[in-house]
Amino acid sequence: NAGVMQNPRHLVRRRGQEARLRCSPMKGHSHVYWYRQLPEEGLKFMVYLQKENIIDESGMPKERFSAEFPKEGPSILRIQQVVRGDSAAYFCASSPTLGQGQETQYFGPGTRLLVL
Amino acid sequence: AQTVTQSQPEMSVQEAETVTLSCTYDTSESDYYLFWYKQPPSRQMILVIRQEAYKQQNATENRFSVNFQKAAKSFSLKISDSQLGDAAMYFCAYRLYNDMRFGAGTRLTVKP
């Protein structure tokens, strides 16, 4: 049973470019979460999605950031017009359906974004 | 707002000995979940142990156990018989519904 998959593992962008981060949840998981980790800090919640729905985006910056989890395919975290402050590790996590252990989140290996 | 505090930025333990990592949290809720995650140099987040707040019994996973003090809002992690592979950042986390909060982490060094 494959774990949560994220790609790319490393992404380098120049200021003003767009970054697209992908996350495929564990098989059977319908809940996806995105977190950002700055160096020497803990993870900060960004957004929680279910298929075709954004449930909670309270941790996501209002501008330049967007997320989706389409009916088919991976979840995408998109950062437009990146700035140096966007450099961080972005982690995706997934969890099963409510009543089937939804409280536990399983993390992917993360995408390290570096903005030059 | 729920906050998670890890007061020990760094800890060190001798191989085969026991170490305890501290975590406190702030909440007005009574039903929630607590977790410890391990982040080795690879930076993969690995679930170590979890605790349901409604359970009085402390969770145990092999060499890892917790001391959950609900009234004190304390959730410490004990690692017994420490191994070199235990060296990592350890994050305490609190979850209520969709809201998952992480502490700043404790860096554990294991000395051979």
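A few points on the structure. (Residues numbered from 1 in each chain as written. Chains lettered and ligands numbered in written order. Predicted model: local features only at pLDDT ≥ 70, side-chain atom pairs only at ≥ 80, totals over all residues. Heavy atoms only, no water.)

Our focus in this paragraph is the overall build of chain A. If you tally the helices and strands in chain A, you get zero helices and 11 strands. When the helices and strands of chain A are placed in sequence order, the string is β-β-β-β-β-β-β-β-β-β-β. Scaling as 2.2 N^0.38, a compact globule of 116 residues should have a C-alpha radius of gyration of about 13 Å, and chain A matches this with 14 Å. Expressed as lengths along the three principal axes of its C-alpha atoms, the size of chain A is roughly 45 × 25 × 25 Å. Within the span of chain A, comprising 116 residues, buried residues form 47% of the whole. In chain A, of all internal contacts separated by at least 6 residues, the share reaching a separation of at least 24 is 53%. When the accessible area of chain A is evaluated, it comes to approximately 5,800 Å², of which 48% is carbon and sulfur surface. (Helix = DSSP H or I, 4+ residues; strand = E, 2+ residues; numbered from the N terminus. Rg over C-alpha atoms; globule rule 2.2 N^0.38 Å. Buried < 20%, exposed > 50% of the residue type's maximum accessible area, 1.4 Å probe, protein only. Contact = heavy atoms within 4.5 Å. Areas by Shrake-Rupley, 256 points an atom, 1.4 Å probe, with all protein chains shown as cover.)

All right, on to the state of the cysteines then. All names here are of chain A. Under the counting rule described, the total for this entry stands at two disulfides over all chains. Sulfur-sulfur distance for the disulfide between cysteine 23 and cysteine 92 comes to 1.7 Å. Since a negative S-S torsion denotes a left-handed disulfide, the cysteine 23-cysteine 92 link at about -50 degrees is left-handed. Taken together, the positions of cysteine 23 in strand β3 (residues 19–24) and cysteine 92 in strand β9 (residues 88–95) put the pair 69 residues apart, joining distant regions of the chain. Judged by its relative accessible area of 0%, cysteine 23 is buried. (Disulfide = S-S within 2.5 Å.)

All names here are of chain A. For strand β4 (residues 31–37), the buried fraction is high: six of the seven residues fall into the buried class. Here β4 runs beside strand β5 (residues 43–50); their pairing, made up of seven bridges, is antiparallel. In the sheet register, tyrosine 33 faces β5, and the bridge partner there is tyrosine 48. Relative to β9, β4 is paired through seven bridges, and the arrangement is antiparallel. Its bridge partner being in β9, tyrosine 33 is matched across the sheet by alanine 93. (Pairing = 2+ DSSP bridges.)

That is the geometry; function is a separate question.
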